[in-house]
Amino acid sequence: MAYDPPPQSAEAAGWPGHDPRWTSSAKSGIGTALSAQSRVWFTISHGIVNEVYYPRVDLANIRDLGLIVTDGVAFFSEEKRHTTSVVVQLAPGVPGYRLTNTCVDGRYRIVKTIITDPLRDVLLQDIRFEPLVGELADYRLFALLAPHIGNQGRGNDGWTGGYKGVPMLFAQRGGCALALASSAGYAAVSCGYVGSSDGWQDLAANKRLTQRHTEARNGNIALTGEVDLTACGGHFVLALAFGRDDTEAGQDARGALLEDFDDVAAAFHRGWVDYQRSCAVLGTHGDRDSAENARSIAVLKTQEDKGHPGGIIASLSIPWGSHKGDHDMGGYHLVWPRDLVECAGGLLAAGDSESARRTLSFLMCTQEADGHWAQNMWLDGTPYWTGIQMDETGLPILLADLLRRTSALGTVRPWPMVRLAASYLLRNGPVTPQDRWEEESGNSPFTLAVEIAALLAAADFADDAGEARVATYLRDAADDWNDHIEKWTYVTNSPLANRIGVAGYYARIGPPDVADAGSPASGFVPIKNRPVGTSRGGYEALVSPDALALVRFGLRAPDDQRIVNTIAVIDAELKRETRTGPVWHRYNGDVYGEHDDGSPFDGTGTGRGWPLLAGERAHYEIAAGRLDIARRLQDVMRAQTSPGGLIPEQIWDAPDLAAKGLLNGGPSGSAMPLAWAHAEYVKLSRSLQDATVFDMPPQTVQRYLRERRTSDYAIWYFNNKPRSMAGGQTLRLSLRVPALVHWSGDGWQSTHDVAGSDSGLGVWYADLATGALPAGSVVHFTVFWLGAQRWEGSDFAVNVVAR
């Protein structure tokens, strides 16, 4: 078809364009070159490239890049909407992709290979356009690019131009620029504002570019370039390059196009194959399992940043992205310390100790001055949300201990980090400001299990550092908290327990009517007026698979009747059967998920099943010695992946809504892939291979399951004031600063003064000699603060009860 260039005009009309939106979170692939020289990450879904990240894995710079096909007269077909797409990896565990997109009307086929250049900041697509009806000359092909530079759809500048005579499309915002170039050049180019003067509007209406705008400034923009199909015979390469300015991006685009694509693809392939060979061979029952392990390892490694080694984001996706705009800057491409530790554990299980060690170093760099980590953060350590979660302070200690126990620490010396984190736990625990479900204050079995295991692991580090007194204090605190797990989280004689026929169950105990606060990255959100099993002192008891952490972290035996009871309640309340197998919800009354009509989560919705929780249940079954059940649950996780083998955050567990792409047992519109879920899959393979839970801490198992150790102390905190203590125990007061404790065990008939001692962990403590007091006694005390030279102004009491 002869080229008829449209008239050229200057700036496009329609500023600033429609409100920007992101795109589908249902990714069919994610990828990057393994080399550190290539700082570009890409995602694909619906047959096209979606978000592309540069120069960090937490900074998206485009919404999508796809193709539009017309006949110049009447036919209009958009690749992402009007084709069926088949996606395959270039090889198992190699995150480059070959896509075959076939027109739903049978008129054409597009075959493309997508990789990044290992030596440049460039995304490459080798594209072959094949007419199925008519001749090549009967079609016109256009590339359509939507820049969203720096995680923002607004405020982008776009223009047409070139680099050293090579025509290109450019966009820039702040200190980042992109260039889109074609090996076949462009027959026509334009840029405009989305929804008014962009190329999509022109092509949909006229089937050709009738306008040729040279610039669109400070808005939500789109760039369009027509590829000369006849000149290239339908085969060409698109290069999307990035740099600090248009010159740098243009040079990289031209340099990449000068290379032979097959040679670049071979280097991309070679880097990943060499990496996969360096990892452990995992896969306990069949080739599909081995392939999924390789894919999962690649997902974990792909989501690690190259400029901040060890920093792994939660997901290269934005849940329900087509309904999210600039207000949701982070999506899931942020670092959650919890997810990060889980991912490092998955890489360690796969034999990649170097990456896991880098993650520990990243955590050491980003620890806050008081010992905790931000709830989530950008890769430079800047907090995004302001919450504090105690498990996210305990888990880095457990990662350090796992590396120590597997002789993988190398030259890293984590004791200063461990000491500071343990100090934070002691100064702020055991009541959790927020727990794994990202709610408000309360007690969660998961968080308590992490805290207690972390204190024991920290004690081992203290011993190694020659600080025996510190180690003893840490173990004393762990013993006391372990003794209180049932008091804090075990519900008995409730309507729910009675209905199911059990004596009680472990629950997450939290305050009633918690206001919604939102909570991506592992998607955990609080809910209002949730249906609950019981109420304890005005606090709600949520049923949750959270309780399985008591077994996973070695605090309770899998056959403990209280655990068995809890399993029965979890299955009765949270388990759902789907076409691909069982799934479990996070807790009763969860609202994080699509509405029942399939509309996106918008702060409310209906909670759905999580493949991750099937993996956690499988680990419980391994601890119980039932490897056959664990293998079946791993099969379920694999069955619930996308066609590209990615594990979603949630599964649609309601009847099919095919018009909305929601099929029972398949991925929902939440995050995909969820890195934590892939880490759980890899760890599950390792656990099945070893016939034991890979990351179970041995300290808890030895102390609480074998030795059945209980605490010699009853520890009293200003943020957790026990009302009673067992006879024979020493009452220990945990104090933030130096103080004198004035106390009595006989109603103030006689009194004693005890000066606080420094634990060496930023906590002072006073031990009251209460061991000889008989049951029925009451210990009264008050505190004189030495620094402020004042009394607390209140008396406190603790009852002595029979053991």
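The notes below deal with the structure included here.

The rules behind the values
Residues numbered from 1 in each chain as written. Predicted model: local features only at pLDDT ≥ 70, side-chain atom pairs only at ≥ 80, totals over all residues. Heavy atoms only, no water. Helix = DSSP H or I, 4+ residues; strand = E, 2+ residues; numbered from the N terminus. Buried < 20%, exposed > 50% of the residue type's maximum accessible area, 1.4 Å probe, protein only. 1 Å grid on protein atoms, 1.4 Å probe; cavity = no way out; pocket = protein on both sides within 12 Å on 5 of 7 lines; lining within 4 Å. Points joined across faces, edges and corners; volume = space filled by probe spheres on them. Nonpolar A, V, L, I, M, F, W, Y, C, P; charged D, E, K, R; others polar. Phe/Tyr/Trp six-rings, centres within 6.5 Å; stacked < 30°, edge-to-face > 60°. Lys NZ or Arg CZ within 6 Å of the ring centre and 35° of its normal. Expected span 1.5 Å × (residues − 1). Axes fitted to C-alpha atoms, helices over the stretch in contact; angles between N-to-C directions. Left-handed = near helix turned anticlockwise from the far one by under 90°. Contact = heavy atoms within 4.5 Å. Polar contact = N/O pair within 3.5 Å; in protein donor to acceptor, adjacent residues only side chain to side chain. Pairing = 2+ DSSP bridges.

## Notes on unusual backbone geometry
Part 1 of the argument: A cis amide bond links Trp15 to the next residue, Pro16, at an omega of 0 degrees.
Part 2 of the argument: Along the chain, the position of Pro16 falls in the loop between strand E1 (8-11) and strand E2 (29-31).
Part 3 of the argument: Here the residue pair Tyr54 and Pro55 is connected by a cis peptide bond, since its omega of -15 degrees sits within 30 degrees of zero.
Part 4 of the argument: Position of Pro55 among the secondary structure elements: in the loop between strand E4 (48-53) and strand E5 (62-70).
Part 5 of the argument: With a phi angle near 55 degrees, Arg708 is a residue other than glycine that sits in the positive phi range.
Part 6 of the argument: For Arg708, the position within the fold is in the loop between helix H20 (698-706) and strand E26 (713-716).
Part 7 of the argument: Owing to a relative accessible area of 65%, Arg708 belongs among the exposed residues under this scheme.
Part 8 of the argument: A positive phi is found at Trp748, a non-glycine position, where the angle reads about 70 degrees.
Part 9 of the argument: Overall, the relative accessible area of 30% leaves Trp748 in the partly exposed class.

## Comments concerning empty space enclosed by the protein
Part 1 of the argument: Within the structure shown, the criterion is met by five cavities of 30 Å³ or more.
Part 2 of the argument: Empty space within the largest cavity amounts to approximately 310 Å³.
Part 3 of the argument: Looking at the largest cavity, it is lined by 26 residues, and the ones nearest its centre are Glu342, Arg552, Phe553, Lys683 and Asp695.
Part 4 of the argument: Mapped onto the lining of the largest cavity, the elements with two or more residues apiece are helix H7 (337-349), helix H9 (391-405), helix H15 (549-552), helix H17 (611-623) and helix H19 (675-690).
Part 5 of the argument: Tallying contributions element by element places H9 first for the lining of the largest cavity, with six residues.
Part 6 of the argument: Partitioned by chemical class, the residues of the lining of the largest cavity number 14 nonpolar, two polar and 10 charged.

## So, the packing of aromatic side chains
Part 1 of the argument: Taken as a whole and assessed by the stated rule, the structure comprises 25 aromatic pairs.
Part 2 of the argument: Ring centres of Tyr54 and Phe242 lie 5.3 Å apart, and the angle between their planes is 20 degrees; on these two criteria the pair is classed as stacked. With Tyr54 in the loop between E4 and E5 and Phe242 in strand E18 (residues 235-243), this residue pair connects regions lying 188 residues apart in the sequence.
Part 3 of the argument: The exposure class assigned to Tyr54 is buried, which follows from its relative accessible area of 4%.
Part 4 of the argument: Plain terms: the ring middles of Tyr108 and Phe129 are 5.5 Å apart, the flat faces sit at 25 degrees to each other, and that makes the pair stacked. Within this pair, whereas Tyr108 is found in strand E9 (residues 108-116), its partner Phe129 is found in strand E10 (residues 122-131), the two being separated by 21 residues in sequence. Residues Tyr108 and Phe129 agree in their burial class; the two are buried.
Part 5 of the argument: A network of ring pairs unites the aromatic residues Tyr332, Trp336, Trp378, Tyr384 and Trp385 as a single cluster.
Part 6 of the argument: The residue whose ring lies beneath Arg107 is Phe75, and the NZ or CZ to ring-centre distance is 3.9 Å.
Part 7 of the argument: Over the aromatic face of Tyr713 sits the side chain of Arg732, whose NZ or CZ is 3.9 Å from the ring centroid.

## Some details on H19
Part 1 of the argument: Taking 1.5 Å of rise per residue, the 16 residues of H19 would be expected to cover 22 Å, and the 23 Å separating its terminal C-alpha atoms lies within 8% of that figure.
Part 2 of the argument: The positive-phi residue at the C-terminal boundary of H19 is Ala691, with phi of around 60 degrees.

## Focus: the packing of H9 against helix H10 (residues 415-428)
Part 1 of the argument: At a closest axis distance of 9 Å, the pairing of H9 and H10 adopts a crossing angle of 145 degrees. Handedness of the H9/H10 crossing: left-handed. Together, Thr393, Gly394, Pro396, Ile397 and Ala400 of H9 and Met417, Val418, Ala421, Ala422, Tyr424 and Leu425 of H10 make up the contact between the two elements.
Part 2 of the argument: Taken together, the residues that form the contact of H9 with H10 break down as nine nonpolar, two polar and no charged.

## A word on the environment of Asn101
Part 1 of the argument: Within the fold, Asn101 resides in strand E8 (residues 94-103).
Part 2 of the argument: Separated by 142 residues in sequence, Asn101 and Gly243 place their C-alpha atoms 30 Å apart.
Part 3 of the argument: Leaving out residues up to four positions away in the same chain, Asn101 has contacts with Gly47, Glu79, Thr83, Thr84, Ser85, Val86, Tyr108, Arg109, Ile110 and Lys112.
Part 4 of the argument: At 2.9 Å, the side chain of Asn101 and the backbone oxygen of Gly47 are in polar contact.
Part 5 of the argument: Separated by 2.8 Å, the side chains of Asn101 and Glu79 make a polar contact.

## Some words on the layout of surface pockets
Part 1 of the argument: Taken as a whole, the largest pocket spans an internal volume of roughly 1100 Å³.
Part 2 of the argument: Every residue lining the largest pocket is counted, 39 residues in all, and those nearest its centre are Ser24, Ala26, His46, Lys660 and Gly661.
Part 3 of the argument: Elements with a contribution of two residues or more to the lining of the largest pocket: E4, E5, helix H1 (79-82) and strand E7 (83-91).
Part 4 of the argument: Grouping the constituent residues of the lining of the largest pocket by class yields 11 nonpolar, 21 polar and seven charged.

## Description of the sheet that holds strand E28 (residues 730-735)
Part 1 of the argument: Spatial ordering of the open sheet is given by E26-E28-E32-E31, a layout of four strands whose pairing is mixed. Every interior strand has two partners, whereas the edge strands, E26 and strand E31 (757-758), have only one.
Part 2 of the argument: Sheet topology note: the E31/strand E32 (residues 764-768) ladder contains two bridges and is antiparallel. By the bridge assignment for E32, Asp758 is matched with Trp764.
Part 3 of the argument: The sheet contacts of helix H12 (residues 468-483) involve E26, E28, E31 and E32, and relative to E26 the element is tilted by about 85 degrees.

## A short note on the environment of Ala788
Part 1 of the argument: Relative to the helices and strands, Ala788 is located in the loop between strand E33 (778-785) and strand E34 (790-791).
Part 2 of the argument: Looking at Ala788, the relative accessible area reads 51%, which means it is exposed.
Part 3 of the argument: Each C-alpha atom of the pair Ala788 and Ala739 lies 9.4 Å from the other, and the pair is 49 residues apart in sequence.

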